Amino acid sequence: MSISSIWNTVYPILIAILCFELIIIVHEGGHFVAARLNKIKVNEFSIGMGPKLFQFTRGETKYTLRLVLFGGYCSMEGEDEESEDECSFSSKKVWQRITVVAAGAVMNLLLGFIIVLVMVCSNDLVGTPVVAKFEDNAVSAKYGLQVNDYIKSIDGMRIYSTNDISTAFSRSPDDTVDMTVMRNGEEKNLTVTFATEEYEGKQFINMDFWLLGKEKTVGNVLSQSLKETVSYARSVFLSLHDLIVGRYGISDMSGPVGTVSYVSQAAKTSMYSLLRIMALLTINIGLFNLFPIPALDGWRLFILIGEGIFRKKLPTKVEYLINAVGLVVLLGFMCLVTFSDITKLF
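Keep in mind the model is a prediction, meaning the values are calculated, not measured.

**A short note on the nonpolar core**
Across soluble globular proteins, nonpolar side chains have a tendency to be buried as a group.
Next, step 1: With 26 residues, the main nonpolar core has Ile23, Ile115, Tyr232, Val263 and Leu281 as its most contacted residues.
Next, step 2: Of all the secondary-structure elements, those providing two or more residues to this core are helix 1 (3–37), helix 2 (94–122), helix 4 (218–244), helix 5 (256–269) and helix 6 (271–288).
Next, step 3: Beyond its immediate sequence surroundings of up to four residues, Ile23 is in contact with Asn108, Leu111, Met278, Leu281, Thr282 and Ile285.
Next, step 4: Counting residues in hydrophobic clusters, the runner-up holds 18 residues, among them Phe169, Val192, Phe209 and Leu238.

Structure below.
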């Protein structure tokens, strides 16, 4: 095997790992900045996990680079233990602690918006949910869909952006969908059948029409970027719903191994594909961290909001126990998903 072929195999994986690490750094950086703004002492800010490669101290904070570039942390005084330091996390007011805990997820969502903004700016036109033209022999045209139809909803799912259309089609159980469109100022309800194509053993709708693009302006670029970001966020909740109702199983989920695999494949395809999956990934991580699951930021937010409402702090031992149990369950679930990822590789 030549050096070039080895490099062509390795570099997409390296890009995937660096992209994932960037998302983690942005998340932990959010905690770090919020902590400093609230005058909370940060003992260590680490990039990566495992053995220490390099470390320096500035002020009261140690900045560390570790061997495994697949994680990181922002360790604050009094975050997981009692501390008498007036600059500790535990000594601050509830609203200040809420700000610090939520900052990581907020930064992930902000990063997602910035990536989507770059994607929208890179396009020649700004997409709209308006039918521009049909492919030759388009099946959907035979069922009443027309040029200039503004697509309002698909199977009851409200359409705000072009990304919503592909999401709605991907969730359809068959080749027929109910569409609501605006035509000449009137609302029309259509039942439209499409041709399908197979991908990884599953049938998906083949979208046989093009969408109308508009010339870019500052206003519609920002508006479209925000809509696409919200669309990506909504797809996270839709995926969670589909998982709960049994539409998807463990084999359809991806852990760290699967994520690196998908990102590396996107890196081989194009920069746009890489940005798209990065946007979806950082938004996913940001939202998932806000879920009230023990060991995640969302659980700590839940506890802090309860403390703010009832003016009573959950006993430290109880909080530690819940977090420990939650972490064990979460790690067990990650191991299960990772095992599924590995079996897919072989």
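**Some thoughts on the packing of helix 2 against helix 4**
Next, step 1: The geometry of helix 2 relative to helix 4 is characterised by a closest axis approach of 9 Å and an angle of 130° between their N-to-C directions. By the angle between their directions, the pair helix 2 and helix 4 is classed as oblique. When the axes of helix 2 and helix 4 are compared, the crossing they make is right-handed. From helix 2, Gly112, Phe113, Val116, Leu117, Met119, Val120 and Cys121 reach across to helix 4, where they touch Val221, Leu222, Gln224, Ser225, Leu226, Glu228, Thr229 and Tyr232.
Next, step 2: Its residues placed into classes, the contact of helix 2 with helix 4 shows 10 nonpolar, four polar and one charged.

**Some thoughts on the packing of helix 2 against helix 7 (residues 297–310)**
Next, step 1: Two numbers describe how helix 2 lies on helix 7: the axes approach to 10 Å, and their chain directions differ by 165°. Accordingly, the angle class assigned to the pair helix 2 and helix 7 is roughly antiparallel. Where helix 2 crosses over helix 7, the handedness of that crossing is left-handed. Within the contact between the two elements, helix 2 uses Val94, Arg97, Ile98, Val101 and Ala102 and helix 7 uses Asp297, Arg300, Leu301, Leu304, Ile305, Glu307 and Gly308.
Next, step 2: Partitioned by chemical class, the residues of the contact of helix 2 with helix 7 number seven nonpolar, one polar and four charged.

**Some words on the packing of aromatic side chains**
Next, step 1: Counted under the stated rule, the structure contains 12 aromatic pairs.
Next, step 2: Site record: aromatic cluster; members linked through ring pairs are Phe32, Phe45, Phe54, Phe56 and Tyr63.
Next, step 3: Between Lys133 and the ring centre of Trp210, over which it is positioned, the NZ or CZ distance is 5.2 Å.
Next, step 4: When the ring centre of Tyr160 is taken as origin, the NZ or CZ atom of Arg158, which lies over that ring, is 5.1 Å away.

**Observations concerning a nonpolar patch on the surface**
Next, step 1: On the surface, Met49, Leu53, Phe54, Phe56, Leu65, Leu67 and Val68 cluster together into a nonpolar patch covering about 640 Å² of accessible area.
Next, step 2: It is strand 1 (residues 42–58) that contributes the most residues to the nonpolar patch, four residues altogether.
Next, step 3: With respect to the helices and strands, the residue Met49 is situated in strand 1.
Next, step 4: For Met49, a relative accessible area of 35% gives the class partly exposed.

**Remarks on the pattern of salt bridges**
Next, step 1: Following the criterion strictly, the structure yields seven salt bridges and no others.
Next, step 2: Here Arg66 makes a salt bridge to Glu44, at a shortest N to O gap of 2.8 Å. Within this pair, whereas Arg66 is found in strand 2 (residues 61–76), its partner Glu44 is found in strand 1, the two being separated by 22 residues in sequence. Pair check on accessibility: Arg66 and Glu44 agree, each one buried.
Next, step 3: In this structure, Glu79 engages Arg300 in a salt bridge whose closest nitrogen and oxygen atoms are separated by 3.4 Å. A residue pair is termed long-range when its members are at least 10 positions apart, and Glu79 in the loop between strand 2 and helix 2 and Arg300 in helix 7 qualify at 221 residues. As far as burial versus exposure is concerned, Glu79 and Arg300 are alike and both buried.

Basis of the calculations
- Position numbers for residues count from 1 along each chain, tracking the sequence in the order it is written.
- Under the rules for a predicted model, residues below a pLDDT of 70 receive no local features and side-chain atom pairs below 80 are neither given nor counted, while totals for whole chains, interfaces and linings still include all residues.
- Here the side-chain values reflect all heavy atoms present in the structure, with hydrogen atoms and water set aside.
- Residues belong to a common nonpolar core when they are buried Ala, Val, Leu, Ile, Met, Phe, Trp, Tyr or Cys residues joined through side-chain atoms within 4.5 Å.
- Here the term buried applies to any residue with accessible area under 20% of the maximum for its type, exposed to any over 50%, and partly exposed to those in between, with areas from a 1.4 Å probe on protein chains only.
- Here a strand is any run of E in DSSP of at least two residues, a helix any run of H or I of at least four, and the numbering for each starts at the N terminus.
- Here, residues are in contact when the closest pair of their heavy atoms is within 4.5 Å.
- Comment: axis = line fitted to C-alpha atoms, over the contacting stretch for helices; angle = value between 0 and 180 degrees taken between N-to-C directions.
- Put simply, angles under 35 degrees are roughly parallel, angles over 145 are roughly antiparallel, angles from 65 to 115 are roughly perpendicular, and the rest are oblique.
- For a crossing to be left-handed, the near helix must be turned anticlockwise from the far one by less than a right angle; the clockwise case is right-handed.
- Under the convention adopted here, Pro, Cys and the residues Ala, Val, Leu, Ile, Met, Phe, Trp and Tyr are nonpolar, Asp, Glu, Lys and Arg are charged, and Gly plus all remaining residues are polar.
- Any two rings among Phe, Tyr and Trp, with Trp reduced to its six-membered ring, count as a pair given centres within 6.5 Å; such a pair is stacked if its planes are under 30 degrees apart, edge-to-face if over 60, and tilted if neither.
- Ring-over charges, as used throughout, are those where CZ of Arg or NZ of Lys falls within 6 Å of the ring centre and within 35 degrees of the ring normal.
- Exposure above 30% relative accessible area and the absence of a salt bridge qualify a residue for a patch, where like charges join within 9 Å and nonpolar side chains (Val, Leu, Ile, Met, Phe, Trp, Tyr) within 5 Å.
- Residue exposure ignores everything except the shown protein chains as possible cover, and the areas themselves are Shrake-Rupley values with a 1.4 Å probe.
- Salt bridges are defined by distance alone: a side-chain nitrogen of Lys or Arg within 4 Å of a carboxyl oxygen of Asp or Glu.

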